[in-house]
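A look at the structure
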Amino acid sequence: MKGFILSFRSEFYKTRKTMAFWSTVVLPLAICLLLFFGFLNHSDRLVHQPGFMLWLQFAGAILGVMGSLILPMLIVFLAYSVNNIEHKAETWKTLFSLPISKWAVYSAKYFYALFLTIVCLALFLLFTLGFGNLLGILNPALKFSEYHVEGTLAKIYLKLLLSSLGILSVQFLLSLLFRDFLKPMGIGFAATIAGIIMANVGWKYAYTFPYAHPLLTIKSIFPSRMGENSPPIPQITVDFFTKDIVVSLIVAAAVFILGYFIVLKKSVK
Amino acid sequence: MVIDTQGLSFHFGNQQVVKSLSLQVPEGSIYGFLGPNGAGKTTTIKLLLNLLKTDQGSIRIFGKDLVTNRISILSQIGSLIEQPAIYSHLSGRENLINRALLLQVPESRVDEMLKLVRLKEAANKKAGKYSLGMKQRLGIALALLPDPQLLILDEPTNGLDPNGIIEVRELLIRLVNQHKKTVFVSSHLLAEVERMATHVGIIDKGELLFQGSIKDLEAISQPQVQIEVDTTVDVANFLKKHGFTVTDISEDHLTVPFSSKEQMGEINTLLNKNNYQVYSIHKIQKDLEKLFLDITQKA
């Protein structure tokens, strides 16, 4: 456990000045800020909406961008970055000749990538709530304060996190094995596009494909709005135990363990 | 023995890189691990650090089996393999702090190391902007940071200027003499190791061709008598007529195998009596560089 904590701290120390680390802060800020100004400019069109609808549109717009393309690609990038830092500096041989177990080195790296994903999603949640409320303060006609979205939104982001774990494990392993940029990033990008298509065309087995999970999650949150007999006020339901989440968790755990055995057997060239 | 390997073998694909290597590195020694490029030095070092899995044979370090005591053994080793592994986006100091963090070494030790390898001034400069020599010195500082009992250095003087080479050499000698460390240092240049090594292992094509103390190595080289004269060809013919073997001849000197001091005196007298002026006559050991070449080329 000590080795894990030391390695985790070292991961933070090493990456704190890199793009990987700052992208997890800048990305949510940029997207939320952009939508904030969009809503502020068009606030006259929104003043008659009830608080719930305002939140649905504001948070929904952010989630829509996030879930489809940005979250999978961010994870592809994070998984690549935490491994590439060692490929680039040729430090794998040093890391594995330190008196720290291979398990600690490997798992600390994985959990650090997971930690960055969590930070990013938490900031998305925080900025969504913050900028939403700020819109309400700057223009009191926008009744954001009418409805409390915090709990629901937190659940949505938690589900989004669970839905992205499969991608994280697969990308982490790819980035660990391939030192070049193109293979993990190319595969990740192609698979993300494939996932978007699968989820959008509503393919029956899309839930088996990890890269489709974030978008499936977004789509599952607003089922009643998607339905034909939509009620006047849509319902938001967050069901954690959907098939895609189960698959995501199984893939995440299986690939993570498989990765460890590969590290254990692999020679450090 | 600090390092003791028995029948160590390793192959990449079909290529046998290390062949039944039995290394014996005594405590408190500077062991020069010599061989031409591609002889299997780095592979051997990676085997010693458990980075590569041994095909056959065993490795014992500090008297313990490496595979079953990996972490406790590695905690007493500092290593530098091939080109130093340095995070180029971090400064020299940050590279050391990161390692100190991992090894739970106090931060004060970082400054000590920076001073030791003379990187104090450049400590806050990005390591990516360091010259090759500075990177190498940072690599040595990283290896020394945990104050290890055994230092394993792969070509540590690569890229260093003559001053840097002398400094590293003196540092290693000091570590062994004053701090009772053991140093295992690989090189493809004998001259570099000759002046500090107490023990030598010579490897070529994965095979250990010689192992022993530096004195053993010198002993197997035949001593010679080097005679400096004006007319080397005439003198050589003259000596041959008198039953001496001339092994080497150049413009200003010739060499004859050494057998005894008396023989040296006899040659001197003989030449003087026959009006050959002798500028100098003395015993020499065969150049270790030549010896090294002989050993590696014979294989």
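All of the points below concern the structure found in this document.

What follows covers helix H10 (residues 261-273) of chain B. Residues and elements named next belong to chain B. Helix length check: H10 (13 residues) gives 18 Å between terminal C-alpha atoms against 18 Å at 1.5 Å per residue, within 8%. Every buried residue of H10 is listed here: Gln263, Met264, Ile267 and Leu271. Taken around the axis of H10, the buried residues stretch over an arc of 105°, which confines them to a single face. Away from its buried face by more than 90 degrees, H10 exposes Lys261, Glu262 and Lys273.

Tallying the contact residues gives 29 residues for chain B and 31 residues for chain A. Summed over the three residues of chain B that lose the most area to chain A, namely Leu51(B), Tyr87(B) and Leu102(B), the buried surface amounts to 23% of that side. Linking chain B to chain A there are 3 salt bridges. Inspection of the chain B/chain A interface yields 9 residue pairs in polar contact (both at pLDDT 80 or more). Elements that contribute at least two residues to the side of chain B that touches chain A include exactly helix H2 (70-74) and helix H3 (92-103) of chain B. Of all the elements, H3(B) adds the most residues to the side of chain B that touches chain A, at 7 residues.

The next point concerns the nonpolar core. Within the largest apolar cluster, 150 residues are counted, with the highest numbers of intra-cluster contacts made by Phe58(A), Ile62(A), Leu153(A), Tyr157(A), Leu172(B) and Phe184(B). The residues touching Leu153(A), leaving out its near neighbours within four places in the chain, are Ala59(A), Leu63(A), Leu125(A), Thr128(A) and Leu129(A).

Let us now look at the sheet that holds strand S13 (residues 248-249) of chain B. The strands making up a sheet associate through backbone hydrogen bonding, with each pair oriented either parallel or antiparallel. All names here are of chain B. Spatial ordering of the open sheet is given by S13-S14-S12-S15, a layout of 4 strands whose pairing is antiparallel. In this open sheet, the two strands that pair with only one neighbour each are S13 and strand S15 (278-284). Contacting strand S12 (224-229), S13 and strand S14 (253-257), helix H9 (residues 232-241) runs over the sheet at an angle of about 20° to S14. Packed on one face of the sheet, H10 meets S12, S14 and S15 and runs near 165° to S15.

Conventions adopted
- Residues numbered from 1 in each chain as written.
- Chains lettered and ligands numbered in written order.
- Predicted model: local features only at pLDDT ≥ 70, side-chain atom pairs only at ≥ 80, totals over all residues.
- Heavy atoms only, no water.
- Helix = DSSP H or I, 4+ residues; strand = E, 2+ residues; numbered from the N terminus.
- Expected span 1.5 Å × (residues − 1).
- Buried < 20%, exposed > 50% of the residue type's maximum accessible area, 1.4 Å probe, protein only.
- Arc of directions from axis to C-beta.
- Contact = heavy atoms within 4.5 Å.
- Buried area = accessible area lost by both parts, 1.4 Å probe.
- Salt bridge = Lys/Arg side-chain N within 4 Å of Asp/Glu carboxyl O.
- Polar contact = N/O pair within 3.5 Å; in protein donor to acceptor, adjacent residues only side chain to side chain.
- Core = buried A, V, L, I, M, F, W, Y, C linked by side-chain atoms within 4.5 Å.
- Pairing = 2+ DSSP bridges.
- Axes fitted to C-alpha atoms, helices over the stretch in contact; angles between N-to-C directions.

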